[in-house]
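# Residue-level structural notes
Here's the letter readout for the chains.
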Amino acid sequence: MINQIFGRFIAKWISLIKFRNISFNNQQKLFFSSLPIVGAFVTGLCLSLLFAACSSTPTVNAPNPSATSQGNSADSKATVVRFGYQKSTILLRTKGVLEKRLAPQGITVKWTEFQAGPQLLEAMNVGSIDIGPVGESPPIFAQAAGTSLTYVVGTAPTPASSAILVPQNSQIQKVADLKGKRVAFQKGSSAHLLLVQALQKAGLKYTDIEPKYLAPSDARAAFVKGSVDAWVIWDPFYAAAQEATKARVLIDGTGINKQGGYYLMTRKFVTENPQTVKAILEEIQNLEEWSKQNREEVAKTLAPVLGIDLETMKKATNRRTFGLVPIDDNLINLQQGVADTYYKLKLIPKEINVKDAVLTKEEYAAFSPKT
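Rules and cut-offs
- Residues numbered from 1 in each chain as written.
- Predicted model: local features only at pLDDT ≥ 70, side-chain atom pairs only at ≥ 80, totals over all residues.
- Heavy atoms only, no water.
- Helix = DSSP H or I, 4+ residues; strand = E, 2+ residues; numbered from the N terminus.
- Buried < 20%, exposed > 50% of the residue type's maximum accessible area, 1.4 Å probe, protein only.
- Areas by Shrake-Rupley, 256 points an atom, 1.4 Å probe, with all protein chains shown as cover.
- Phe/Tyr/Trp six-rings, centres within 6.5 Å; stacked < 30°, edge-to-face > 60°.
- Lys NZ or Arg CZ within 6 Å of the ring centre and 35° of its normal.
- Salt bridge = Lys/Arg side-chain N within 4 Å of Asp/Glu carboxyl O.
- Pairing = 2+ DSSP bridges.
- Axes fitted to C-alpha atoms, helices over the stretch in contact; angles between N-to-C directions.
- Contact = heavy atoms within 4.5 Å.
- Core = buried A, V, L, I, M, F, W, Y, C linked by side-chain atoms within 4.5 Å.
- pLDDT = per-residue confidence, 0-100.

Moving on, we come to the overall build of the chain. Counting its secondary structure elements, the chain contains 16 helices and 11 strands. With 371 residues in all, the chain has 45% of them scored as buried. Total accessible area on the chain is roughly 19300 Å²; 54% of this is exposed by carbon and sulfur atoms.

Quick look at the structure:
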């Protein structure tokens, strides 16, 4: 039976070649190069027919591989945590607490530095990092752009750590004087929100100023050169600029900013590695508590790492608030307010729902540290 089927198959295959006017030489090449494939196909076909004919029991469907994979996803475990950070959160890398905590589980930590939150979340969007801390604004712009992200925990508000700076001899004396002026800041950052809030408080519209969207290093160069009239920035860039350029503080975030930033993760990482996430957040919380009680030690540790003199580093450290904040309804509502503000100003292309990037209370309870 097999030989008959094989013969009929070959005959049909050769007639197909003739029909397509393939040259004899090409026929030979195609025929002999295809024999293994043809043989495997026919053998498989005949065996299937044979087993189907001989078996009196119905075939049992094999399990769906994708269903099996999904069912085991909660048991998967990352061997590398790809951590994005900024200079404002470099202490976590410097102290090495995550490496010490995760090494016994066979997990390593890979660090990547970013100038600001928007760049960090761009990397998360393309799958280059798993986790990173940012201000309140970057997640809004990222979510509006379609980035899949998850709020994991909040950080305490640090309003005095951001400010609007002007040159020492500037004629600008109050926020209202920024009308018509060139203001540098990182678009989609916490500095962006501070500027928006400060303008509103002073009775100005966002369109009353000339925004210059620049990353911190480029903004500082423009500020020093005099090609912008003001610069909105956060620590440690803020403290370093005060010292190096003798910049004057027009206003800081005190009385304006009411929320801090967030640690964000990809949804895949957080759902597949809850125990690793718990370990990470516990170490971050421990470091925050230690920093709160050891500010001078923090300054001494970071000054050489950041290339900032000790007294300037002390200034930046002393105006910072340490601590983590759980993701709750109050925080979600505050963040939704930020999203609505940016949408009304037409700075994001569509309305977003912050809750789309939030987990359930039960999921947070599984890994959130006590705060």
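Let's shift gears to the packing of aromatic side chains. Taken as a whole and assessed by the stated rule, the structure comprises nine aromatic pairs. Note on Phe 185 and Tyr 213: the rings are 5.4 Å apart at their centroids and 85° apart in plane angle, and the pair reads as edge-to-face. Here the residue Phe 185 occupies a position in strand 6 (residues 182-185), and Tyr 213 occupies one in strand 7 (residues 210-213), the gap between them amounting to 28 residues. In this structure Tyr 213 comes out as partly exposed when scored by relative accessible area, which is 37%. Between Tyr 364 and Phe 367 the ring centres are 5.9 Å apart and the planes differ by 70°, which places this aromatic pair in the edge-to-face class. Pair noted here: Tyr 364 and Phe 367 are both in helix 16 (residues 361-367), with a separation of three residues, about one helical turn. Each member of the pair, Tyr 364 as well as Phe 367, is classed as buried. Following the ring pairs from residue to residue traces out a cluster consisting of Phe 83, Tyr 85, Trp 111 and Tyr 263. Lying over the aromatic face of Trp 290, Lys 95 brings its terminal NZ or CZ to 4.4 Å of the ring centre.

Moving on, we get to unusual backbone geometry. In this structure, the amide linkage connecting Asp 235 to the following residue, Pro 236, adopts the cis form with an omega of 5°. Here Pro 236 lies in the loop between strand 8 (230-234) and helix 10 (237-245). One non-glycine residue, Lys 246, lies in the positive phi region at around 60°. Secondary-structure assignment places Lys 246 in the loop between helix 10 and strand 9 (248-252). Take Lys 246: its relative accessible area is 42%, and that puts it in the partly exposed class. Unlike most non-glycine residues, Lys 346 shows phi in positive territory, near 60°. Assessed through its relative accessible area of 74%, Lys 346 is described here as exposed.

On to the pattern of salt bridges. Tallying each qualifying case throughout the model produces 15 salt bridges. Put simply, Glu 282 and Arg 101 hold a salt bridge, and the shortest N to O gap is 2.6 Å. You can see Glu 282 sitting in helix 12 (residues 274-293) and its partner Arg 101 sitting in helix 5 (residues 97-102), a full 181 residues away along the chain. Given a relative accessible area of 24%, Glu 282 falls into the partly exposed group. What makes Arg 101 partly exposed here is its relative accessible area of 29%. Here Lys 314 ties to Glu 311 by a salt bridge, and the two come within 3.6 Å at their closest N and O atoms. Of this pair, Lys 314 and Glu 311 both sit in helix 14 (residues 310-318), three residues apart, which is roughly one turn of the helix. One network of salt bridges, with partners in common, ties together Glu 296, Lys 300, Glu 311 and Lys 314.

Taken in spatial order, the five strands make up an open sheet running 7-6-8-5-9, and their pairing is mixed. Unpaired on one side and paired on the other, strand 7 and strand 9 mark the two borders of the sheet. The mean angle between the axes of side-by-side strands here comes to 30°, regardless of whether they run parallel or antiparallel. Lying over the sheet, helix 10 contacts strand 5 (162-166), strand 8 and strand 9, oriented at roughly 130° with respect to strand 8.

All right, on to the nonpolar core then. Note that soluble globular proteins tend to have their nonpolar side chains buried in a common cluster. Counting 103 residues, the largest nonpolar core has Phe 83, Leu 92, Ile 140, Tyr 151, Leu 165 and Leu 178 as its most contacted members. Ranked by residue count, the leading element in this core is helix 8 (residues 190-201), at seven residues. Leaving out residues up to four positions away in the same chain, Leu 178 has contacts with Ile 164, Ile 172, Val 183, Leu 199, Asp 208, Ile 209, Ala 230 and Leu 250.

Averaged over all residues, the pLDDT of the chain is 83; the fraction at 70 or higher stands at 79%. Low pLDDT (under 50) marks residues 1-76, which in the prediction has 25 contacts with non-local residues, meaning those over four places away or in another chain.

Now for the side chain of Gln 259. Relative to the helices and strands, Gln 259 resides in the loop between strand 9 and strand 10 (262-265). Residue contacts for Gln 259: discarding those within four places in its chain leaves Glu 136, Pro 157, Leu 334, Gln 335 and Val 338.

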